[in-house]
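Now for the letters of each chain:
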Amino acid sequence: MRIVAFGASNSSTSINKALATYAASQVEGAQVQVLDINDYSVPMFSEDKEKEIGQAEGAQQFLADLAEADAIVVSYAEHNGYYPAAYKNLFDWASRINRSVFQDKPVVYLATSPGPGGAQTVLAAATASAPYFGADVKASVSVPSFYDNFDFETAAVTNQEIADEIKAAVAKLA
Ligand SMILES: Cc1cc2nc3c(=O)[nH]c(=O)nc-3n(C[C@H](O)[C@H](O)[C@H](O)COP(=O)(O)O)c2cc1C
């Protein structure tokens, strides 16, 4: 199984990218490709810009890379309760090419933040809208207080209960 994983964040030190990478690695025998949304350059979306350039190349490439997946793992960063602007912008461009951004693939949605809320608000928003964007959500998990529950040296979740929850979630992708 080929899993495409990414953090919905443009931070070079994204904790969500780290979490998505870890979660995907928990599927035994899977081939994992980790995307970085910074690799998909798109201008700020506006309908005027869309009339000018048509489809943004970065969004075309993002959709093409998702198309390669048998399953997708996304971990959402939360900015003021919603997607970070950079991800929302890429997502908006992609949705104008193919509203089924996740292309009817099985997905696991994760979210984390340094605080106790674990980015639950953005996770709930993403999960609620998933059917409109072709995401077949098999499970969703919020990880609170990321820095207390993840070890960067081993790139692994240290809290056994959370690790078990993530393993059970990604097992549903098979
Ligand atoms: C503009 C901004 C807004 C934020 N809003 C929230 C928020 O609503 N909830 C939350 O838990 N964390 C919030 N944070 C903190 C992020 O969770 C934190 O920066 C986290 O590292 C983002 O994930 P990332 O490292 O994957 O980008 C915010 C951070 C920024 C810069």
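Analysis parameters
- Positions within a chain are numbered from 1, following the residues in the order the chain's sequence is written.
- In keeping with the model being predicted, local features are shown solely for residues with a pLDDT of at least 70 and side-chain atom pairs are shown and tallied solely at 80 or more, while totals for entire chains, interfaces and linings include all residues.
- Hydrogens and water molecules were not included; the side-chain quantities draw on all heavy atoms of the structure.
- We define proximity as follows: a residue is near a molecule or strand when any one of its heavy atoms falls within 4 Å of that partner.
- Residues adjacent in sequence count toward polar contacts only when both atoms are side-chain atoms; beyond that, a polar contact is any pair of N or O atoms within 3.5 Å, and within protein one must be able to donate a hydrogen and the other to accept it.
- Note that accessible areas follow from Shrake-Rupley with a 1.4 Å probe, and for residues the cover is restricted to the protein chains shown.
- Grid spacing is 1 Å over the protein atoms alone, the probe is 1.4 Å, and a cavity is where that probe fits but cannot get out, while a pocket is an open set with protein on both sides within 12 Å along at least five of seven lines and lining residues have an atom within 4 Å of a point.
- Grid points are joined across faces, edges and corners, and a volume is the space filled by probe spheres set on the points.
- Polarity classes work like this: nonpolar for Ala, Val, Leu, Ile, Met, Phe, Trp, Tyr, Cys and Pro, charged for Asp, Glu, Lys and Arg, and polar for all others, with Gly in that last group.
- UniProt positions are given in the numbering used here, feature names are shortened, and annotations may be inferred rather than shown by experiment.
- A run of DSSP states H or I qualifies as a helix once it reaches four residues; a run of E qualifies as a strand once it reaches two. Both are numbered from the N-terminal end.
- Centres within 6.5 Å make a pair out of two Phe, Tyr or Trp rings, where for Trp the six-membered ring is used; the pair is then stacked when the planes are under 30 degrees apart, edge-to-face when over 60, and tilted otherwise.
- The rule is simple: take the accessible area with a 1.4 Å probe, protein chains only, and divide by the maximum for that residue type; under 20% is buried, over 50% is exposed, in between is partly exposed.
- Should any heavy atoms of two residues lie within 4.5 Å, those residues are considered in contact.
- In this scheme, strands are said to pair when DSSP sees at least two bridges between them.
- Orientation is described by axes fitted as lines to C-alpha atoms, over the contacting stretch for helices, and by angles from 0 to 180 degrees between their N-to-C directions.

A. Expanded view of the site of the ligand. Around the ligand, the structure places S9, S11, S14, I15, N16, A77, E78, H79, N80, G81, S113 and P114. S9 places a polar side-chain atom, nitrogen or oxygen, 2.6 Å from an oxygen atom of the ligand. The backbone of N80 places a nitrogen or oxygen atom 2.8 Å from a nitrogen atom of the ligand. Taking 620 Å² as the accessible area of the ligand by itself, protein coverage stands at 64%.

B. Quick peek at empty space enclosed by the protein. Applying the stated criterion across every chain yields a total of one cavity of 30 Å³ or more. Volume-wise, the largest cavity comes out at about 40 Å³. Together, G7, S9, N10, S11, S14, K17, L35, D36, I37 and N38 line the largest cavity. Each residue belonging to the lining of the largest cavity can be placed in one class, and the counts come to two nonpolar, six polar and two charged.

C. Here's a closer look at the UniProt feature "domain: NADPH-dependent FMN reductase-like" (unreviewed entry) in the protein. The UniProt record annotates "domain: NADPH-dependent FMN reductase-like" (unreviewed entry) at residues 1–137. In residues 1–137, helix accounts for 38% and strand for 21%; the two terminal C-alpha atoms are 17 Å from one another.

D. Spatial organisation of the packing of aromatic side chains. On inspection of all chains with the given rule, the structure shows 20 aromatic pairs. For the pair F6 and Y87, a centre-to-centre distance of 6.0 Å together with 35 degrees between the ring planes defines the contact as tilted. One end of the pair, F6, is in strand β1 (residues 2–8); the other, Y87, is in helix α4 (residues 85–97), and 81 residues separate them in sequence. Looking at F6, the relative accessible area reads 0%, which means it is buried. The class of Y87 is buried, set by a relative accessible area of 0%. Here Y87 and F91 contribute two aromatic rings whose centre-to-centre distance is 5.8 Å and whose plane-to-plane angle is 40 degrees, an arrangement assigned as tilted.

E. Focus on the environment of S140. Mapping S140 onto the fold places it in strand β5 (residues 135–143). Other than its neighbours up to four places away in sequence, S140 contacts Y109, L123 and T127.

F. Examining the sheet that holds strand β3 (residues 71–76) more closely. What the five strands build is an open sheet, ordered β2-β1-β3-β4-β5; its pairing is parallel. Whereas interior strands pair on both sides, the edge strands pair on one side only; in this sheet they are β2 (31–35) and β5. Ignoring strand direction, the axes of neighbouring strands in this sheet form an average angle of 20 degrees. Each of β3, β4 (105–112) and β5 is contacted by helix α5 (residues 120–129), which is oriented at about 160 degrees to β4, the strand it contacts most.

G. Summary view of the side chain of E50. With respect to the helices and strands, the residue E50 is situated in helix α2 (residues 47–53). Take E50: its relative accessible area is 18%, and that puts it in the buried class. Side-chain polar atoms of E50 contact the side chain of R96, separated by 2.8 Å. Those residues in contact with E50 that lie beyond four places of it in its chain are F45, W93 and R96.

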